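Now for the letters of each chain:
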Amino acid sequence: MKNYDILKNFNILYIEDDKNLLENLGEILQDFVKKIFLASNTQEAYKILKENHIDLIISDILIEDKNGIEFISFLKKQGYNIPFILTTAYTETDYLLEAIKQKASNYLVKPVKIKELLDSMYEVLLPKYQKKELENSTILFKIASLMCESKQLEVIKVIVNALDEDYTFSLSYPEIMKRIDISKPTLIKIFKELQDKNIITKLPKRRYKLNMHAINHLF
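Residues numbered from 1 in each chain as written. Predicted model: local features only at pLDDT ≥ 70, side-chain atom pairs only at ≥ 80, totals over all residues. Heavy atoms only, no water.

Caption draft 1: Region of the structure containing the packing of helix α5 (residues 114–144) against helix α6 (residues 150–161). At a minimum axis distance of 10 Å, the contact between α5 and α6 shows a crossing angle of 150 degrees. Judged on the interaxial angle alone, α6 and α5 are roughly antiparallel. α6 is crossed by α5, and the crossing has right-handed handedness. Contacts between α5 and α6 pair Asn136, Ile139, Leu140, Ile143 and Ala144 from the former with Leu153, Ile156, Lys157, Val160 and Asn161 from the latter. Its residues assigned to classes, the contact of α5 with α6 comprises 7 nonpolar, 2 polar and 1 charged. (Axes fitted to C-alpha atoms, helices over the stretch in contact; angles between N-to-C directions. Helix = DSSP H or I, 4+ residues; strand = E, 2+ residues; numbered from the N terminus. Parallel < 35°, antiparallel > 145°, perpendicular 65-115°, else oblique. Left-handed = near helix turned anticlockwise from the far one by under 90°. Contact = heavy atoms within 4.5 Å. Nonpolar A, V, L, I, M, F, W, Y, C, P; charged D, E, K, R; others polar.)

Listed below in C-alpha cells is the structure:
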C-alpha cells in the first residue's frame, strides 16, 4: 500500500486551461502535497517556476497558448530538469510518442482518476524522497557532531526537514517554537551559533541557506 504522506514534502505545479478542472483538482491535491501551484497557461506556469521551487509538473497537453509537450521541451532548454506527468483527453499516437521522447514520467488520459494520479505522483517522487531522507540523515549526523545539546539537535532536525532542493529554508522563530518546546532566547542563541560556525547563512526575506561546503568538510 502506497504511503501518500511522502507527497507532503513536495511542491507541485498543475497546468490546465479548463478553469473548473484546474480549481477542482487543485483543491483536492492541496490536501496531499506540500504546496500546489495552479496555472491556466504556460506564461503563468513559467512565472511560477522562476519564483518558486517546483518538484513535479502536472500538465495538460493541449493548453490554450502552447502545446504542453512543447513547453516541457522549452523548460529543458532553459535548464529545468523537473519530472512531469501529462494529461490529455486525446490518445493519438503522435502525442504519446512525443511524450515518450521528452521522457514524460507518465501519461494519463482524462477524465483523470484521483487515485491513478496520486499513484503516479508517488511513483515519480518516491526515489526523490528516499534520496532526500538519506541526505538529510547525513547532514543531521554531521551537524550533530558539533552541537550535542538536546535542544540544539531538535532545532537542527526541524531545519533539515524544512530544506529545499537548493539547501535553503524559511522558518520563523514562532514556527519553530510551535514544533518544539523551546524559548525564543534559546532559539536565537542556537541560530547565532549556527551562523558563527558557518553552518547557515542568513539571506534576504527571512530565508537561510545551509552551507553544504562547510558541512561536507566536517569529517
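Now, onward.
Caption draft 2: Structural view of the sheet that holds strand β2 (residues 35–39). Taken in spatial order, the 5 strands make up an open sheet running β2-β1-β3-β4-β5, and their pairing is parallel. Edge positions in the sheet fall to β2 and β5 (106–109), since each has one partner strand and no second. Averaged over all pairs of adjacent strands, the angle between strand axes in this sheet comes to 20 degrees, irrespective of strand direction. The strands touched by helix α3 (residues 68–77) within the sheet are β1 (11–15), β3 (56–60) and β4 (84–88), with β3 carrying the most contacts at an inclination of about 150 degrees. (Pairing = 2+ DSSP bridges.)

Caption draft 3: Summary view of the pairing of strand β7 (residues 200–203). Sheet analysis places β7 next to strand β8 (residues 207–210), joined by 4 bridges and oriented antiparallel. Looking across to β8, one finds that Ile200 is bridged to Leu210.

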